[in-house]
Amino acid sequence: MSDIFHEVDEEVRREQLKKLWDRYGNYVVAAAVLLVVAVAAWRGYLWWEAKKAAEAGAAFEAAATLAADGTAGYRHLARMREAAALAQSDPKAAIVVYDQIAADSAVGPVLQDLAALRAGALLIDASALEEAQRRLEPLAANDRTFRHTAREFLVLAASRAGDTTAAKRWFDLIMTDAQTPAGTRSRVEMLMALGASPSRS
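Residues numbered from 1 in each chain as written. Predicted model: local features only at pLDDT ≥ 70, side-chain atom pairs only at ≥ 80, totals over all residues. Heavy atoms only, no water.

J.: Looking at this structure, how should I read the environment of Val96?
T.: In this structure, Val96 sits in helix H3 (residues 91-102). Expressed as a C-alpha distance, the spacing of Val96 and Ala119, which sit 23 residues apart in the sequence, is 8.2 Å. (Helix = DSSP H or I, 4+ residues; strand = E, 2+ residues; numbered from the N terminus.)

J.: I tried to follow the nonpolar core on my own but got confused; where do I start?
T.: Most often, soluble globular proteins have nonpolar side chains that are buried together. In this structure, Met80, Tyr98, Leu117, Ile124 and Leu136 are the most contacted members of the largest nonpolar core, which totals 35 residues. Listed by contribution, the elements that provide at least two residues to this core are helix H2 (72-89), H3, helix H4 (109-125), helix H5 (129-136), helix H6 (147-161), helix H7 (164-176) and helix H8 (182-194). (Core = buried A, V, L, I, M, F, W, Y, C linked by side-chain atoms within 4.5 Å. Buried < 20%, exposed > 50% of the residue type's maximum accessible area, 1.4 Å probe, protein only.)

J.: How should I be thinking about the side chain of Thr180 in this particular structure?
T.: Mapped onto the elements of the fold, Thr180 is located in the loop between H7 and H8. With near-sequence residues (within four places) excluded, Thr180 lies in contact with His148, Ile174 and Arg185. (Contact = heavy atoms within 4.5 Å.)

J.: What should I look at first to understand the packing of H4 against H5 in this one?
T.: Think of two packed helices as two axes; the pair is described by the angle between the axes and how far apart they sit. In contact at an axis separation of 8 Å, H4 and H5 are set at 160° when each is read in the N-to-C sense. Classed by the angle they form, the pair H4 and H5 counts as roughly antiparallel. As for the relative orientation of H4 and H5, their crossing is left-handed in sense. When H4 is examined against H5, the residues Leu117, Ala119, Gly120, Leu123 and Ile124 are found in contact with a partner set consisting of Leu129, Glu131, Ala132, Arg135 and Leu136. Class assignment of the residues belonging to the contact of H4 with H5 gives a composition of 7 nonpolar, 1 polar and 2 charged. (Axes fitted to C-alpha atoms, helices over the stretch in contact; angles between N-to-C directions. Parallel < 35°, antiparallel > 145°, perpendicular 65-115°, else oblique. Left-handed = near helix turned anticlockwise from the far one by under 90°. Nonpolar A, V, L, I, M, F, W, Y, C, P; charged D, E, K, R; others polar.)

J.: In this structure, what is going on with the pattern of salt bridges? I would like to understand it.
T.: Think of it this way: side chains of opposite charge can pair up when their charged atoms draw near. Evaluation of the coordinates by the stated rule reveals 9 salt bridges. Here Arg144 ties to Asp113 by a salt bridge, and the two come within 2.7 Å at their closest N and O atoms. Taken together, the positions of Arg144 in the loop between H5 and H6 and Asp113 in helix H4 put the pair 31 residues apart, joining distant regions of the chain. Under the relative-accessibility criterion, Arg144 is labelled partly exposed at 25%. (Salt bridge = Lys/Arg side-chain N within 4 Å of Asp/Glu carboxyl O.)

J.: Sorry, what's going on with the packing of H5 against H6 here?
T.: Where H5 contacts H6, the two axes come as close as 9 Å, and the packing angle between them is 155°. Viewed along their axes, H5 and H6 adopt a mutual orientation that is roughly antiparallel. Here the hand of the crossing between H5 and H6 comes out left-handed. Between H5, through Leu129, Gln133 and Leu136, and H6, the contact on the second element is made entirely by Ala150, Phe153, Leu154, Ala157, Ala158, Arg160 and Ala161. Considered class by class, the residues forming the contact of H5 with H6 number 8 nonpolar, 1 polar and 1 charged.

J.: What should I look at first to understand H7 in this one?
T.: Count 3.6 residues to each turn of an α-helix, and residues three or four apart come out pointing the same way. Between its first and last C-alpha, H7 extends 18 Å over 13 residues, near the 18 Å set by a 1.5 Å rise per residue. Where H7 is concerned, the buried positions are Ala166, Ala167, Trp170, Phe171 and Ile174. Within H7, the buried residues cover an arc of 135° as seen down the axis, which keeps them to one side. Facing away from the buried side of H7 by over 90 degrees, the exposed positions are Thr164, Thr165 and Thr176. Those residues of H7 hidden inside the fold are in contact with H5, H6 and H8. (Expected span 1.5 Å × (residues − 1). Arc of directions from axis to C-beta.)

Below you can see the structure in the form of structure tokens.
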């Protein structure tokens, strides 16, 4: 007798499960699919993060190798960047580095002139005006790459030193040179008109 009741209970359970499946089966399948997709997406994300980390590590290693063993041109540019960063905290030390670069013939004339120009600008900021003028004057020659900027700095240095004759001489050279950039013309015109010595921008 008990077996009959047991079979009836099993039948009832199966019927209930079938009804539940018919009612909620689609939701169960959808949830399972979502779970699989979520796990796959998470694993994909972890793989992507690991790939990015590996690429970043490889790039860093390559940069470090290039800085140490790279081409001469890259090393010279790295020295310029080092001096520029140093200028923010220790201008005197930066001038020393720029002077070393300017004196290194292996760097090439363009970077040598740029280093000398930046050293001159730092000397103006430090109010070492005569020294700045002495260093900048050779860079103002017609055949020098940064002559326009050098001439502008010379106007500034002469103005700060109160040397109106020198300031006027460099101003006239700037204004009569057809190749002088418009921005340089505007700045030196303003400087001469004010008759002051504002900080270099």
